[in-house]
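# Secondary and tertiary structure notes
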Amino acid sequence: MKELLTYIVQSLVDNPDEVSVTEHKADGETVFEVRVADGDMGKVIGRQGRIVKQIRILMRAVAQRKGKKVSVEILD
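Quick look at the structure, then. (Residues numbered from 1 in each chain as written. Predicted model: local features only at pLDDT ≥ 70, side-chain atom pairs only at ≥ 80, totals over all residues. Heavy atoms only, no water.)

On to helix 3 (residues 50-65), then. Because each turn of an α-helix spans 3.6 residues, side chains separated by three or four positions in sequence point in the same direction. With 16 residues, helix 3 extends 23 Å from end C-alpha to end C-alpha; this agrees with the ideal 22 Å at 1.5 Å per step. Within helix 3 the residues assigned to the buried category are V52, I55, M59 and A63. Down the axis, helix 3 shows its buried residues gathered within 65° of arc, on one side only. Along helix 3, the residues that are exposed and aim more than 90 degrees away from the buried face are R50, K53, Q64 and R65. The inward-facing, buried residues of helix 3 abut helix 1 (2-12), strand 2 (29-35), helix 2 (41-45) and strand 3 (70-75). (Helix = DSSP H or I, 4+ residues; strand = E, 2+ residues; numbered from the N terminus. Expected span 1.5 Å × (residues − 1). Buried < 20%, exposed > 50% of the residue type's maximum accessible area, 1.4 Å probe, protein only. Arc of directions from axis to C-beta. Contact = heavy atoms within 4.5 Å.)

Listed below in structure tokens is the structure:
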């Protein structure tokens with residue numbers, strides 16, 4: 001799942017080499033922390049958070065099929 005999230009975010013940004021996705025467990029779920037270049041933050045979040053919301057929905061759907069729980073956080 002980390003590879004899928006990395007691929008999606010790298011496809012959206014201008015600087016795909018600066019995309020960093022880290023994974024850790026918290027409260028029984030997997031948390032993915034995404035870091036991008038400062039100029040690319042808006043492209044990942046989108047207007048009114050629409051793009052990041054869709055990324056979260058997609059990742060939850062993939063996780064649900066595997067019987068897991070995930071969340072995606074975009075970090076500064």
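This paragraph deals with the packing of helix 1 against helix 3. Close contact between helix 1 and helix 3 brings their axes to 11 Å; oriented N to C, the two are set at 160°. As the angle between them shows, helix 1 and helix 3 are arranged roughly antiparallel. When you trace helix 1 past helix 3, the crossing you get is right-handed. Side by side, helix 1 and helix 3 meet where L4, L5, I8 and L12 of the first sit next to I51, I55, L58, M59 and V62 of the second. In the contact of helix 1 with helix 3, the residues fall into 9 nonpolar, no polar and no charged. (Axes fitted to C-alpha atoms, helices over the stretch in contact; angles between N-to-C directions. Parallel < 35°, antiparallel > 145°, perpendicular 65-115°, else oblique. Left-handed = near helix turned anticlockwise from the far one by under 90°. Nonpolar A, V, L, I, M, F, W, Y, C, P; charged D, E, K, R; others polar.)

L5, V9, F32, V34, V36, M59 and I74 are the most contacted members of the largest nonpolar core, which has 19 residues in total. Where this core is concerned, the elements lending two or more residues are helix 1, strand 2, helix 2, helix 3 and strand 3. By residue number, the principal contributor to this core is helix 3, which donates 4 residues. Beyond its immediate chain neighbours, meaning those up to four positions away, V34 contacts L5, V9, S20, V21, V72, E73, I74 and L75. (Core = buried A, V, L, I, M, F, W, Y, C linked by side-chain atoms within 4.5 Å.)

Relative to the elements of secondary structure, T30 occurs in strand 2. On the accessibility criterion, T30 (4% relative accessible area) is buried. In this structure, T30 is in contact with E23, H24, K25, K69, V70 and S71, ignoring residues within four places of it in sequence.

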